[in-house]
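Below are the chains, spelled out letter by letter.
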Amino acid sequence: MIINLVRIDDRLIHGQVTTVWTKEAKAERIIIVSDEVANDEIRSTLVKQAAPPGIKVSVISINKAAAVYKNPKYENDTVFYLFTNPTDVLRLVNAGVPIKEVNIGGMSFKEGKKQITKAVSVDENDISSFKKLHEMGINLCLKVVITDPDIDFIKIL
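Described in the following lines is the structure provided in the data block. As the structure is a prediction and not an experimental result, all values here were calculated from the model.

Thresholds applied
Residues numbered from 1 in each chain as written. Predicted model: local features only at pLDDT ≥ 70, side-chain atom pairs only at ≥ 80, totals over all residues. Heavy atoms only, no water. Helix = DSSP H or I, 4+ residues; strand = E, 2+ residues; numbered from the N terminus. Rg over C-alpha atoms; globule rule 2.2 N^0.38 Å. Buried < 20%, exposed > 50% of the residue type's maximum accessible area, 1.4 Å probe, protein only. Contact = heavy atoms within 4.5 Å. Core = buried A, V, L, I, M, F, W, Y, C linked by side-chain atoms within 4.5 Å. Polar contact = N/O pair within 3.5 Å; in protein donor to acceptor, adjacent residues only side chain to side chain.

1. Digging into the overall build of the protein
At step 1: Helix and strand counts for the protein come out as 6 helices and 9 strands.
At step 2: Its C-alpha atoms give the protein a radius of gyration of 15 Å, within 12% of the compact-globule value 15 Å for 157 residues.
At step 3: Projecting the C-alpha coordinates of the protein onto the three principal axes gives extents of approximately 40 × 30 × 30 Å.
At step 4: Relative to its 157 residues, the protein shows a buried fraction of 48%.
At step 5: Nonlocal contacts in the protein, meaning residues at least 24 apart in sequence, comprise 70% of its contacts between residues at least 6 apart.

In structure tokens, the structure reads:
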């Protein structure tokens, strides 16, 4: 499997993702990697329906994503991984999927989170996961929209 883009955006498939990031990824398939979304039939159906024309969308658990990545049947497939949080990215990396860079797009504010940029709010679990990803040599780039400058996310944590 050829990973063209990895993005954290808890809104998943929305205007920016369908019109800009999918084109930037140049991938045949968007894979939403989330146990939570995979187990929510309504949310899973809705994000699949929001996909841009001609792009396949899969919503799968973290364990299934790791198994699919390792399956030789998919070795030439190009993918755009989409996550809702950094902990799920870390779990996939720990399962053996070689992610080199993560684009951080949006993590909405909720109770227990602190807002660190206009588009990103984190809690202690998020911060811990981001730090572990960084320690593994994974580049963490804050880029909400394509025209934003690349910002080294670890520097603003």
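Resuming the write-up.
2. Topic: the environment of Ile 2
At step 1: Relative to the helices and strands, Ile 2 is located in strand E1 (residues 2-9).
At step 2: Here Ile 2 falls in the partly exposed class, since its relative accessible area comes to 38%.
At step 3: Sequence separation between Ile 2 and Asp 77 is 75 residues, and the spatial gap between their C-alpha atoms is 5.9 Å.
At step 4: With residues up to four places along the chain from it excluded, the contact list for Ile 2 reads Glu 75, Asn 76, Asp 77, Thr 78 and Val 79.

3. Digging into the nonpolar core
At step 1: Tyr 81, Phe 83, Leu 92, Ile 99, Val 102 and Ile 104 are the most contacted members of the largest nonpolar core, which totals 32 residues.
At step 2: If you list the elements that add at least two residues to this core, you get E1, strand E2 (29-33), helix H4 (62-70), strand E4 (78-83), helix H5 (86-94), strand E5 (101-106), helix H6 (124-135) and strand E8 (139-142).
At step 3: At 5 residues, the largest contribution of residues to this core is made by H4.
At step 4: Leave out the neighbours within four places in its chain, and Val 102 touches Val 6, Ile 8, Val 89, Ile 138, Asn 139, Leu 140 and Cys 141.
At step 5: Grouped together as the second largest cluster of nonpolar side chains are 17 residues, Ile 13, Val 37, Val 59 and Leu 82 included.

4. Focus: the side chain of Thr 87
At step 1: Mapping Thr 87 onto the fold places it in helix H5.
At step 2: A distance of 2.9 Å separates polar atoms of two side chains, one belonging to Thr 87 and the other to Ser 129.
At step 3: Ignoring anything within four residues of it in the chain, the contact list for Thr 87 reads Asn 125 and Ser 129.

5. A few points about H5
Counting along an α-helix, one turn takes 3.6 residues, and residues three or four places apart therefore face a common direction.
At step 1: The buried fraction of H5 is high, at 7 of 9 residues.
At step 2: Those residues of H5 not exposed but buried are Pro 86, Thr 87, Asp 88, Val 89, Leu 90, Leu 92 and Val 93.
At step 3: Contacts from the buried residues of H5 go to E1, E2, H4, E4, E5 and H6.
At step 4: The opening residue of H5, the one whose side-chain oxygen lies 3.0 Å from the backbone nitrogen of Thr 87, is Asn 85.
At step 5: Downstream of H5 by one or two residues, Gly 96 has phi in the positive range, about 105°.

Purely spatial values, then, with no claim about function.
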